[in-house]
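Chain residues, written in single-letter form:
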Amino acid sequence: MFDILKKLCLAHGVSGNEKEICNTVRNIIFPYADVETNEFGNVFAVFGNKNSEKTILLDAHIDQIGFIVTDITSKGFLKIDKCGGIDLRTVQGCGVKVYGREVIKGVVCCLPPHLSDGKEDKAIGIDKVYIDTGLSYEEVSSIVSIGDTVSFYEEPEMLLNNRVTSPALDNRASVASIIRVAQLLKDKQCDYKVIAMFSSQEETYQLGAKIGAFISGADEAIVVDVSFASQPDISGQYSDIKLSKGPMLCVSSTLNKDMYKTLVNIANECNIPYQNEVCGGLTGTNADSITICKSGIKTALISIPEKNMHTQAEIVDLNDIENTALLISQYILRGGAKFE
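Residues numbered from 1 in each chain as written. Predicted model: local features only at pLDDT ≥ 70, side-chain atom pairs only at ≥ 80, totals over all residues. Heavy atoms only, no water.

1. What to know about the packing of helix H1 (residues 2–10) against helix H4 (residues 169–185)
Then step 1. At a minimum axis separation of 9 Å, H1 and H4 run at an interaxial angle of 135°. Considering the angle they form, H1 stands oblique to H4. Where H1 crosses over H4, the two elements pack in a sense that is right-handed. For the pair formed by H1 and H4, the contact residues are Ile4, Leu5, Leu8 and Cys9 on the first element and Leu169, Arg172, Ala173, Val175, Ala176, Ile179 and Gln183 on the second. (Axes fitted to C-alpha atoms, helices over the stretch in contact; angles between N-to-C directions. Helix = DSSP H or I, 4+ residues; strand = E, 2+ residues; numbered from the N terminus. Parallel < 35°, antiparallel > 145°, perpendicular 65-115°, else oblique. Left-handed = near helix turned anticlockwise from the far one by under 90°. Contact = heavy atoms within 4.5 Å.)

Structural data, given as structure tokens:
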């Protein structure tokens, strides 16, 4: 699982520029499914009973948060804007990769504390963020163009207790879980045609899911994303969510209750650990778009607990990824929910 997750996290895929991660996903899942890509950057992998009248859509977005180049200064520094929900508190001094005509590394400029009057001790605005690649204006402008994307760069690393830290675990952890579903269902008999949709541009208004779900013809869908695990200063329901305690099953007015109940029953019967997540309405995930697609698609949401979301040091537990895959696989093998 770590080997797959590392390949996924190292593949570039800032929203709107998902070509590299699309190719990576295709290469990994190809032995287990029929794979194709559409012009909007979605990867579709079809497996299970391909002649079934029942179609289930499994969705995990493949894009990651990052930046887009807006200008190059006369001294060769890059000006950028946010592409997705960047936390500017974490940006200064971090390493990045710039995806121009070739890939170059850079560092976000950071004023040394010795030269600060204290006013810079809080998150600075994106208009004051510069990237230093070490190149002159002539050199960098021959490689980088306005509109090129930029991502955090850190190597995925194993931590203690089967945990992993890396940028882009939102949502490559979920991509890994669906790839694992395809592995688990290979050569198994089931009543579903399964379409795994690795969707683009979730971090920028869920565009890939809106388009992909519309053409899928799915009767029901399970969306897999990450959600908040407990850490210092987390309060409310998320203060009780723990890593390694299983996936989070979402209860919401916008999601299908029968699918939720069936997932809970299967988890209990198969001794798969799970945790509950309650949303009063919208979930902030692709489930919001897929549920209302066409005349409506019955949808459930499963989330992998994660610490430090939308930073360079996101943390997930490999056991949670595996248990997410086991739960989805059992749902499919058992024929899904019996809708009232």
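2. Quick word on the pattern of salt bridges
Then step 1. Scanning all chains against the criterion turns up 5 salt bridges.
Then step 2. Residue aspartate 34 is joined to lysine 50 by a salt bridge in which the shortest nitrogen-to-oxygen separation is 2.6 Å. Within this pair, whereas aspartate 34 is found in strand S1 (residues 34–37), its partner lysine 50 is found in the loop between strand S2 (43–48) and strand S3 (54–61), the two being separated by 16 residues in sequence.
Then step 3. Judged by its relative accessible area of 40%, lysine 50 is partly exposed.
Then step 4. Where arginine 89 meets aspartate 87, a salt bridge forms, and the shortest distance between an N and an O atom there is 2.6 Å.
Then step 5. Overall, arginine 89 belongs to the exposed group, its relative accessible area being 67%. (Salt bridge = Lys/Arg side-chain N within 4 Å of Asp/Glu carboxyl O. Buried < 20%, exposed > 50% of the residue type's maximum accessible area, 1.4 Å probe, protein only.)

3. Some thoughts on the layout of surface pockets
Then step 1. Quantified by volume, the largest pocket comes out at close to 280 Å³.
Then step 2. Together, 18 residues line the largest pocket, and Val226, Thr283, Gly284, Thr285 and Met309 are the ones closest to its centre.
Then step 3. Listed by contribution, the elements that provide at least two residues to the lining of the largest pocket are strand S13 (220–228), strand S15 (275–279) and strand S16 (298–306).
Then step 4. The dominant element in the lining of the largest pocket, judged by the number of residues it contributes, is S13, at 4 residues.
Then step 5. As for the second largest pocket, its lining consists of 10 residues, of which Gln92, Cys109, Leu111, Ile124 and Lys128 are closest to the centre.
Then step 6. Looking at the lining of the second largest pocket, its residues break down into 7 nonpolar, 1 polar and 2 charged. (1 Å grid on protein atoms, 1.4 Å probe; cavity = no way out; pocket = protein on both sides within 12 Å on 5 of 7 lines; lining within 4 Å. Points joined across faces, edges and corners; volume = space filled by probe spheres on them. Nonpolar A, V, L, I, M, F, W, Y, C, P; charged D, E, K, R; others polar.)

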